[in-house]
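# Commentary on secondary and tertiary structure
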Amino acid sequence: MEIPGYGTVSVIIKRKKIASCRLKIFPSAQITFSVPHDALPEWITRYLHSKQDWIAKKLQHFAQTKNHDAAAVINNGMSVRMLGQDMVFSIYRSERTQVYTEDRSIRIGLPDIAAVQEIQRLFESWWRKQALSVYGEILDALYPIIEKHHVTKPRLLIRKMKTLWGSSSPHRGTITINEYLLKARKPCIEYVILHEIIHFLYPHHNQQFTDFLTLYMPDWKGRKKILDTEVVQGLVW
């Protein structure tokens, strides 16, 4: 279908046993439209046409909120989302090299404010340390859920991941969490980490896994929805 400002875009039509339609746009710019089995093609076309402006606004929103490393250069006034909040970069000249948060800004101080690569290196190193700290605290808080089942506490690893928010390796005793997940609200991070450590009990996404997840996090679907719709990068999980 044609979307103003975006040209022709693809929409995945999913026919399901549902009573009403559901139009979803993901951060990856993937568009899915779930409809009842008996929905007529003509009706689907008319409905999507009526939602052109809404689709365009959603696509624009995701395009404007790219990851912190999507830009080749970090400049004053640029923003990055961290723990669900937009944080603005503030780069200043300082004899002491440092990165820290102050109110709603990320302050980066260094002797040469024109050293683009050094600014990027400082920020990425600081970001990883923040991610490791936040994820570690959450893992500590959630571990007792599986500890009672005689599971050794998993070792936490973080790295850049292009297709996943997290993964688990019970045989290695590790969970790996995407460093970009630090963009998400804390409840979303809790959801991902709980999901991964439950795999130490239930390797597959079967009913036992879902029941256990629901028992300890009844609102997990809501957290997942926020992660799917608000956090950028288009990762799936």
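Criteria and thresholds
Residues numbered from 1 in each chain as written. Predicted model: local features only at pLDDT ≥ 70, side-chain atom pairs only at ≥ 80, totals over all residues. Heavy atoms only, no water. Helix = DSSP H or I, 4+ residues; strand = E, 2+ residues; numbered from the N terminus. Buried < 20%, exposed > 50% of the residue type's maximum accessible area, 1.4 Å probe, protein only. Axes fitted to C-alpha atoms, helices over the stretch in contact; angles between N-to-C directions. Parallel < 35°, antiparallel > 145°, perpendicular 65-115°, else oblique. Left-handed = near helix turned anticlockwise from the far one by under 90°. Contact = heavy atoms within 4.5 Å. Nonpolar A, V, L, I, M, F, W, Y, C, P; charged D, E, K, R; others polar. Pairing = 2+ DSSP bridges. Patch = residues over 30% accessible without salt bridge, like charges linked within 9 Å, V, L, I, M, F, W, Y side chains within 5 Å. Areas by Shrake-Rupley, 256 points an atom, 1.4 Å probe, with all protein chains shown as cover. Salt bridge = Lys/Arg side-chain N within 4 Å of Asp/Glu carboxyl O. Lys, Arg positive; Asp, Glu negative; His and termini not counted. Charge placed at Lys NZ, Arg CZ, Asp CG, Glu CD. Core = buried A, V, L, I, M, F, W, Y, C linked by side-chain atoms within 4.5 Å. pLDDT = per-residue confidence, 0-100.

### Some remarks on the environment of aspartate 38
- With respect to the helices, strands and loops of the structure, aspartate 38 is situated in the loop between β5 (31–36) and α1 (41–50).
- Residue aspartate 38 is classed as exposed on the basis of its relative accessible area of 65%.
- Expressed as a C-alpha distance, the spacing of aspartate 38 and asparagine 76, which sit 38 residues apart in the sequence, is 53 Å.

### What to know about the packing of helix α5 (residues 186–198) against helix α7 (residues 220–230)
- At their nearest, the axes of α5 and α7 sit 9 Å apart, and the two run at 110° to each other. By the criterion of interaxial angle, the relationship of α5 to α7 is roughly perpendicular. As for the relative orientation of α5 and α7, their crossing is left-handed in sense. Facing α5, whose interface residues are Pro187, Cys188, Glu190, Tyr191 and Val192, α7 presents Trp220, Arg223, Lys224, Ile226 and Leu227.
- For the contact of α5 with α7, a count of residues per class yields 7 nonpolar, no polar and 3 charged.

### Comments concerning the environment of serine 79
- Structurally, the position occupied by serine 79 is in strand β6 (residues 79–82).
- The exposure class assigned to serine 79 is partly exposed, which follows from its relative accessible area of 43%.
- A sequence separation of 42 residues divides serine 79 from histidine 37, and the C-alpha atoms of the two residues are 43 Å apart.

### Some details on the sheet that holds strand β3 (residues 11–16)
- Ordered in space as β3-β5-β4, the 3 strands form an open sheet in which the pairing is mixed. Two strands bound the open sheet, and with one partner strand each, they are β3 and β4 (22–25). For this sheet, the mean angle separating the axes of adjacent strands, direction not counted, is 20°.
- Summarising the sheet, β3 and β5 pair through 6 bridges and their orientation is parallel. Bridge pairing in β5 places lysine 14 opposite serine 34.
- This element, α1, spans β3, β4 and β5 of the sheet and lies at about 135° to β5.

### Considerations on a positive patch on the surface
- A cluster of basic residues, Lys14, Lys16, Arg22, Lys24 and Lys225, forms a positive patch at the surface.
- Secondary-structure elements contributing two or more residues to the positive patch are β3 and β4.

### Topic: the nonpolar core
- Residues Ile106, Ile108, Phe123, Tyr135, Leu181, Ile193 and Leu227 are the most contacted members of the largest nonpolar core, which totals 51 residues.
- Ranked by residues supplied to this core, first place goes to helix α3 (residues 116–142) with 11 residues.
- Val9, Phe33, Ala39 and Leu59 belong to the second largest nonpolar core, which has 13 residues in total.

### Considering the pairing of strand β11 (residues 166–169)
- Relative to strand β12 (residues 174–178), β11 runs antiparallel, the two being bridged by 4 bridges. Opposite serine 169, over in β12, you have threonine 174 as the bridge partner.
- Connecting β11 to the next strand, β12, in antiparallel fashion are 4 residues, including glycine 173 with a positive phi near 75°.

### Structural notes on the confidence of the model for the chain
- When pLDDT is averaged along the chain, the result is 88; 90% of the residues meet or exceed 70.
- Between residues 67–72, whose pLDDT stays under 50, and residues either more than four places distant or in other chains, the model counts 18 contacts.
- In this model residues 233–237 is a low-confidence stretch, pLDDT under 50, and it forms 21 contacts with partners more than four residues away in sequence or in other chains.

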